[in-house]
Amino acid sequence: SIGPVADLPIVNAKISPDGFEKMAILAGGSHPGPTITGNKGDTFKINVTNHLHDDHMLQATTVHWHGLFQRHQNQMDGLAFVTQCPITPNNSFLYNFNVGSQVGTYWYHSHYGVQYCDGLRGPLIIYDPEDPYRFFYDIDDESTIITLMDWYHLPSPQVQRQVTPDSVLINGIGRYDGGPEMPYAVINVQPWKRYRIRLLNMACKPNYIFSMDKHKFTIIEVDGEYVDPLEVDSIQIYASQRYSFILETNQPVDNYWIHADPNTGTNATAILRYSGAPQGLPKNRTEPSMLPMNETNLHPLTTLDLSEMSPSRDLFKEEADVKLNLILGKNMTTYNFLINGFQYMSPSMPVLMQLLSGAMTASDLAPNGSVYTLPRNKVIEISMPPDDAPGRPHPFHLHGHKFAVIRSAGSSAYNYINPVMRDTVSTGVPGDNVTIRFVTDNPGPWMLHCHIDWHLYVGMAIVFAEAPEEVSVDQPVNSASKQLCPVYNDMPKET
Ligand code: C2O
Ligand code: CU
């Protein structure tokens, strides 16, 4: 792992995570990229240098730090055409940000085109010296990370219409139909220990049902927020979500299958290996999950006083100050996605620069129809009935905030008392009306979008201009970027 002060070169390199060799776009030369770690309160200084040159792929780039609030430092959010111009080849950008009181499991990825699907993604962990669970559960080891990803054999600009990934990767390794028998990823454990395991869905598309034969998990963290411990035996995890769970290695010394069953693509497996077990494969699979995680059973941690972390009480007053209903739709001629009738298209001047140069109202801000201004310090309630948008369920992510999930997919109940706080939520299927709330305590332009990267690419996004008159940044923005982003021809060649 690297950081919090580190160089992160973005390079083209050929890799074969599933046995098929493909040119990729990689952070630090590996897939996933190096885990970036730091402690609560740290200032991260990640110098991203762009060495991309392959002309079948995107060559400009940005890096987004998924789930970090970037308070007073919106210009470090890494969102192309919202907070910055893309970093063109042979240039660099210093991402210099303080993480404040945020702790837990995050990740970073390109936020330019569909570039992270070609490999630019990696975990970001913020350790908490006062982690309430470390002592409470007597955790022996918290070094294990399990990443779930999807992989495509064509460069991402050419796979827009491909509905199914060629393979599903667990910790960077997978198999494709007709491909070689790649080795399985192995998670090595000692018997009779307690592990805190971090599970990240860094896919461009699928959600996964994750389980380990004969083992239960106790969930303690959701998207960087501590939750009351919840025992489950499987977790359905959507693109960009994260969980930490405690795994007790209380089964006989042996090998056990780990499963990641995607909603699209071929099921993937890995091996949980107790030390002392033979190097071979697990023998059998247990019964199906009897105790699947249900989002409505997740609640912010109440057993210990973590006032800084717990959601503002205001969130739960009876009526929200501002209510927004977002109708997700699709233009069946162009296949582009629409939110309230508008397809999001990147503006040529980043929204942050538009705000800093004095544009304040939704009608003055580009892209037309996709920017919503929100007043400062209000409770915003958003409901998302997914009635008309194929490709569901859509996992929606909000930048700059955690939100309370007042109504979850698969449930008709509204929880105003102790809803889970997270940064990505599934909007479910017809009949659902997923409802979230957040407080506008972080001025800046923040995107709300589907985290299926192919859907974002064809318009499934809006931007909140939050407290536009109070938008300021604590470091000078390069004056050159106050203009239009330099025209840079980034049209990849067909292979
Ligand atoms: Cu993972 Cu717009 O972000
Ligand atoms: Cu979507």
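Every chain begins its residue count from 1, and numbering advances along the sequence as written. Each chain gets a letter, beginning with A, and each ligand a number, beginning with 1, in the order they are written. pLDDT decides what is reported in this predicted model: residues at 70 or higher carry local features, side-chain atom pairs at 80 or more are listed and counted, and totals for whole chains, interfaces and linings draw on all residues regardless.

With respect to the nonpolar core
As used here, a nonpolar core is made of buried Ala, Val, Leu, Ile, Met, Phe, Trp, Tyr and Cys residues. They are joined through C-beta atoms within 7 Å. Comment: burial labels come from other C-beta atoms within 10 Å of the residue's own C-beta, placed from the backbone, where a count of 20 or more is buried, 12 or fewer is exposed, and between is partly exposed. In this structure, L148, I170, L199, I219, F245, I436 and V463 are the most contacted members of the largest nonpolar core, which totals 134 residues. With near-sequence residues (within four places) excluded, L148 lies in contact with I170, L200, N201, M202, A203, Y208, I237 and A260. We call two residues in contact when their backbone-placed C-beta atoms lie within 7 Å.

A short note on the sheet that holds strand 28 (residues 424-426)
Across the sheet, five strands lie side by side as 23-31-30-25-28; this open sheet has mixed pairing. For this open sheet the edge positions go to strand 23 (371-374) and strand 28, each flanked by a neighbour on one side alone. Looking at each pair of strands side by side, their axes are set apart by 20 degrees on average, direction ignored. For two strands to pair, DSSP has to find at least two bridges joining them. Each helix corresponds to a stretch of at least 4 residues labelled H or I by DSSP, and each strand to a stretch of at least 2 residues labelled E; elements are numbered beginning at the N terminus. Axis definition: a line fit to C-alpha positions, over the contact stretch in the case of helices; interaxial angles, taken between N-to-C directions, run 0 to 180 degrees.

Let's talk about the environment of P375
Inspection of the secondary structure assignment puts P375 in the loop between strand 23 and strand 24 (379-384). Along the backbone, P375 and V322 are 53 residues apart, and their C-alpha atoms lie at a distance of 8.8 Å.

A closer look at the environment of C85
For C85, the location among the structural elements is in the loop between strand 5 (64-66) and strand 6 (92-98). C85 sits in the buried class, given 24 other C-beta atoms within 10 Å. As for C85 and M349, which are separated by 264 residues in sequence, their C-alpha atoms are 7.9 Å apart.

Regarding the sheet that holds strand 19 (residues 268-274)
Spatially, five strands are ordered 11-19-18-13-16 in an open sheet, and the strand pairing comes out mixed. The open sheet is flanked by strand 11 (186-189) and strand 16 (235-237), the only strands paired with a single partner. Adjacent strand axes in the sheet meet at a mean angle of 20 degrees when their direction is disregarded. By the bridge criterion, four bridges tie strand 11 to strand 19 in an arrangement that is parallel. Across the sheet, N188 pairs through a bridge with R273, a residue of strand 19.

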